[in-house]
Amino acid sequence: MSTIAAFYGGKSILITGATGFLGKVLMEKLFRTSPDLKVIYILVRPKAGQTLQQRVFQILDSKLFEKVKEVCPNVHEKIRAIYADLNQNDFAISKEDMQELLSCTNIIFHCAATVRFDDTLRHAVQLNVTATRQLLLMASQMPKLEAFIHISTAYSNCNLKHIDEVIYPCPVEPKKIIDSLEWLDDAIIDEITPKLIRDWPNIYTYTKALGEMVVQQESRNLNIAIIRPSIVGATWQEPFPGWVDNINGPNGIIIATGKGFLRAIKATPMAVADVIPVDTVVNLMLAVGWYTAVHRPKSTLVYHITSGNMNPCNWHKMGNTTSTHSSGKPWCHTESSIAGQLDTVAHFIIGFELKNAFPRMENTWHAGVQVLATFEKIPFERPFRRPNANFTSNSFTSQYWNAVSHRAPAIIYDCYLRLTGRKPRMTKLMNRLLRTVSMLEYFINRSWEWSTYNTEMLMSELSPEDQRVFNFDVRQLNWLEYIENYVLGVKKYLLKEDMAGIPKAKQRLKRLRNIHYLFNTALFLIAWRLLIARSQMARNVWFFIVSFCYKFLSYFRASSTLKV
Ligand SMILES: CCCCCCCCCCCCCCCCCCCCCCCC(=O)SCCNC(=O)CCNC(=O)[C@H](O)C(C)(C)COP(=O)(O)OP(=O)(O)OC[C@H]1O[C@@H](n2cnc3c(N)ncnc32)[C@H](O)[C@@H]1OP(=O)(O)O
Ligand SMILES: NC(=O)C1=CN([C@@H]2O[C@H](COP(=O)(O)OP(=O)(O)OC[C@H]3O[C@@H](n4cnc5c(N)ncnc54)[C@H](OP(=O)(O)O)[C@@H]3O)[C@@H](O)[C@H]2O)C=CC1
């Protein structure tokens, strides 16, 4: 019997952010492994015209919860949705609900946050800092509370290169920021935001760092732990592989690439793609909840849950030479443009240098290669263009690809829409996509080193049974398998596409490839014709090539006649 599963039996657990990506997987695992838990309180707000109950029913009726319903048929009775808005004072929780929460809660998992990179400072501070402070205040009034688990991000200190499992101080005290936001107006806040966030890349990571500081300052005598996941991806194993339900992080990029909208990205070839499956993060969260409550460490422990140091995967490739598990297909630039060739050469040179500089990276996996190979096997329906991916770390090349591979086709397509009497929309969509990609660029052009002493210590504290049921050992992850399931999951659960449509999608890809070749050939012929008309040298080269081909063919014909 798993000690951790038994620990949660009979417990009242409070989860914030339960309607989010991580929160749903956390609830699912809790119900599946500890069906005898007493109750899960979730703080929910009505959204998109749905009441709390409708939101809960929608979650429980989803595919994610299919297994839970077998193990815990009365799951509906064990969820208690409490109306709450974390942006409001006291979270706008009713007196009776607050009383129940304060007197009954045993464990808190605080997942709620705004994860938008472009949120306003006011809103992000309210949710990621002030709400955390408020929740800690509530926690301090809970007599039965055994552990408070705060979910942060591995990127809360991404302004550093090496990050330890400690809470780093922020230049400005969170309290000062909270106080000043109360009286500053929005225009002034916008003006001072860059000065406040300094070398953090966005408001999200900055406010998550402030949130950690608040946890440290307001911890009082609570048993607190902080968990810092890197980029949370689709499920690896549980309850089934590939489950994903939002367009954050890599998900949106996978869709945009699979549908042929995004064909180039500014990314450092060997930068580590520190994706961590959501079920791995949840397993660690539950193990940390147990450990913090039972072992009561003297100080607040921080746990990193990342993949890069134990089982690295990078965004791109260094050809098919480094990974024995890669598809074997070279990372090819299918377009035969000169810039493309130069880019390839540059990648090989950079990659060769990097390989020599970081021999550890020899065994890394190549996300991009696997993703593209999977698109061949399991194409998305109705792609705009054929999926392709040019990775470049050079700003100039990146701008070139943006113009040629993204903006130009969007403009051409919009002209076609206009000519056929429809409303143009592709340029707008493309601008939005490129804006999103530019926000993610910071994270795909750098690598970080996260120490994982606490996470490893915890792993060694678990019984073999707990290590199996609550597995967070990312060394066992097979990236090839994971990425295939990830892409399949995006197709099935996000795009809601039917597998029966695959043959048709493959046919469409073939058609797009033919159009692509035709278009390139026409372009080449036009360019060549124009050149020949203008340059004597081009004409000489042309006659040389034609006469060479003619001689070659005559020789070939003569020798085959001799053989007969
Ligand atoms: C050529 C390339 C080849 C690649 C090949 C394959 C490569 C290998 C794998 C893929 C690699 C790709 C690299 C990915 C890099 C990922 C790096 C991520 C780094 C994260 C570090 C930190 C991690 C964390 O701690 S937090 C989690 C990460 N957070 C995010 O990702 C949030 C980022 N998002 C935002 O900030 C905004 O959404 C923004 C700015 C991107 C977009 O804002 P915008 O205002 O333009 O759009 P929205 O109005 O927000 O939404 C548009 C549209 O989408 C709907 N929507 C929004 N969110 C969701 C959602 N979560 N789920 C479902 N749908 C959503 C929204 O409703 C809108 O729909 P409409 O119908 O238009 O209303
Ligand atoms: N996804 C990732 O890649 C990573 C996530 N993390 C951290 O993990 C945690 C969970 O992230 P994730 O699940 O991906 O995020 P989601 O955006 O999927 O979920 C956010 C959750 O917070 C809730 N929430 C937001 N605002 C409010 C509010 N005013 N009142 C009540 N609830 C609110 C949302 O509720 P609603 O449904 O009503 O909007 C939702 O349940 C966050 O703390 C994040 O920083 C860390 C590293 C990476």
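Now for a quick tour of the structure. (Residues numbered from 1 in each chain as written. Chains lettered and ligands numbered in written order. Predicted model: local features only at pLDDT ≥ 70, side-chain atom pairs only at ≥ 80, totals over all residues. Heavy atoms only, no water.)

Overview of the site of ligand 1
As a reminder, the rule being used: For each residue, the test is whether any non-hydrogen atom lies within 4 Å of the molecule or strand; if one does, the residue is near. Any pair of N or O atoms that falls within 3.5 Å is considered a polar contact. Within protein, one atom must be able to donate a hydrogen and the other to accept it, and sequence-neighbouring residues count only if both atoms are side-chain atoms. Here the open area of atoms and residues is found with the Shrake-Rupley method and a 1.4 Å probe, where only the protein chains shown may cover a residue. Secondary structure elements follow DSSP: runs of H or I of four or more residues count as helices, runs of E of two or more count as strands, with numbering from the N terminus.
In the vicinity of ligand 1, 29 residues are found, and the nearest of them are Arg116, Phe117, Thr153, Tyr204 and Gly249. With respect to ligand 1, the backbone of Phe117 contributes an N or O atom lying 2.8 Å from an oxygen atom. Contact distances for ligand 1 include 2.7 Å between an oxygen atom and a side-chain N or O atom of Tyr204. Calculation on ligand 1 without its partners gives an accessible area of 1,500 Å², and the protein chains cover 74% of this total. For the shell around ligand 1, the leading source of residues is helix H16 (residues 426–444), giving 7 residues.

Notes on the pairing of strand E7 (residues 224–229)
Note the cut-off: For the exposure calls, accessible area comes from a 1.4 Å probe over protein chains only, and a residue counts as buried if that area is under 20% of its type's maximum, exposed if over 50%, partly exposed in between. For two strands to count as paired, DSSP must find a minimum of two bridges between them.
Counting buried positions over the 6 residues of E7 gives 6, a clear majority of the element. Burial along E7 is two-sided: Ile224, Ile226 and Arg228 facing one way and Ala225, Ile227 and Pro229 facing the other are all buried. Here 4 bridges tie strand E5 (residues 147–151) to E7, and the two strands are oriented parallel to one another. In the strand pairing of E7, Phe148 is matched with Ile224. Here E7 pairs with strand E11 (residues 301–305) via 5 bridges, running parallel. When the bridges of E11 are listed, Ile226 appears paired with Val302.

What to know about the environment of Tyr416
The residue Tyr416 is located in helix H15 (residues 395–419) in this model. Given the relative accessible area of 42%, Tyr416 is considered partly exposed. Note: C-alpha distance between Tyr416 and Leu26 (390 residues apart in sequence) is 47 Å. One polar contact links Tyr416 to Arg422, side chain to side chain, over a distance of 3.5 Å.

Structural notes on empty space enclosed by the protein
Quick reminder of the rule: With a 1 Å grid laid over protein atoms only, a set of points is called a cavity when a 1.4 Å probe fits there but cannot get out and a pocket when it is open yet has protein on both sides within 12 Å along at least five of seven lines; lining residues have an atom within 4 Å of a point. Grid points are joined across faces, edges and corners, and a volume is the space filled by probe spheres set on the points. Basically, the charged four are Asp, Glu, Lys and Arg, the nonpolar ten are Ala, Val, Leu, Ile, Met, Phe, Trp, Tyr, Cys and Pro, and anything else, Gly included, counts as polar.
Under the criterion given, the structure shown has 1 cavity of 30 Å³ or more. Looking at the largest cavity, the residues that line it are His304, Ile305, Thr306, Asn309, Met310, Thr452, Thr455, Met459, Phe472 and Val474. Contributing elements (two or more residues each) for the lining of the largest cavity: E11 and helix H17 (453–461). In terms of residue class, the lining of the largest cavity is made up of 5 nonpolar, 5 polar and no charged.

Considerations on the site of ligand 2
Near ligand 2 lie 27 residues; those nearest to it are Thr19, Arg45, Lys47, Arg55 and Tyr204. One of the side-chain N or O atoms of Arg45 is found 2.7 Å from an oxygen atom in ligand 2. In this structure, Arg55 approaches ligand 2 through a side-chain N or O atom, which is 2.6 Å from an oxygen atom. Computed on the free molecule, ligand 2 has an accessible area of 890 Å², of which 90% lies beneath the protein chains in the complex.

Remarks on the sheet that holds E5
How we decide: Fitting a line to C-alpha atoms yields each axis, with helices limited to the stretch in contact; the angle taken between N-to-C directions then spans 0 to 180 degrees.
If you trace the 7 strands from one edge of the open sheet to the other, you get E3-E2-E1-E4-E5-E7-E11, paired in parallel fashion. Every other strand in the sheet has two partners, leaving strand E3 (79–83) and E11 as the edge strands with one partner each. Strand-to-strand, the axes of this sheet are offset by a mean angle of 20°, without reference to chain direction. Two strands pair when backbone bridges link them, and strand E1 (residues 12–16) and strand E2 (residues 39–44) are joined in this way by 5 bridges, in the parallel orientation. Its bridge partner lying in E2, Ile13 is registered against Ile40.

What about a nonpolar patch on the surface?
To be explicit about the condition: Within this analysis, patches are made of residues with over 30% relative accessible area and no salt bridge. Like charges are joined at 9 Å or less; nonpolar side chains (Val, Leu, Ile, Met, Phe, Trp, Tyr) at 5 Å or less. For this document, the term salt bridge refers to a Lys or Arg side-chain nitrogen within 4 Å of an Asp or Glu carboxyl oxygen.
A surface patch of nonpolar side chains, about 770 Å² in accessible area, is lined by Met537, Val541, Phe544, Ile545, Phe548, Phe552 and Leu553. With respect to the helices and strands, Phe548 occurs in helix H21 (residues 536–563). What makes Phe548 exposed here is its relative accessible area of 52%.

No statement about biological role is implied by the geometric values presented.
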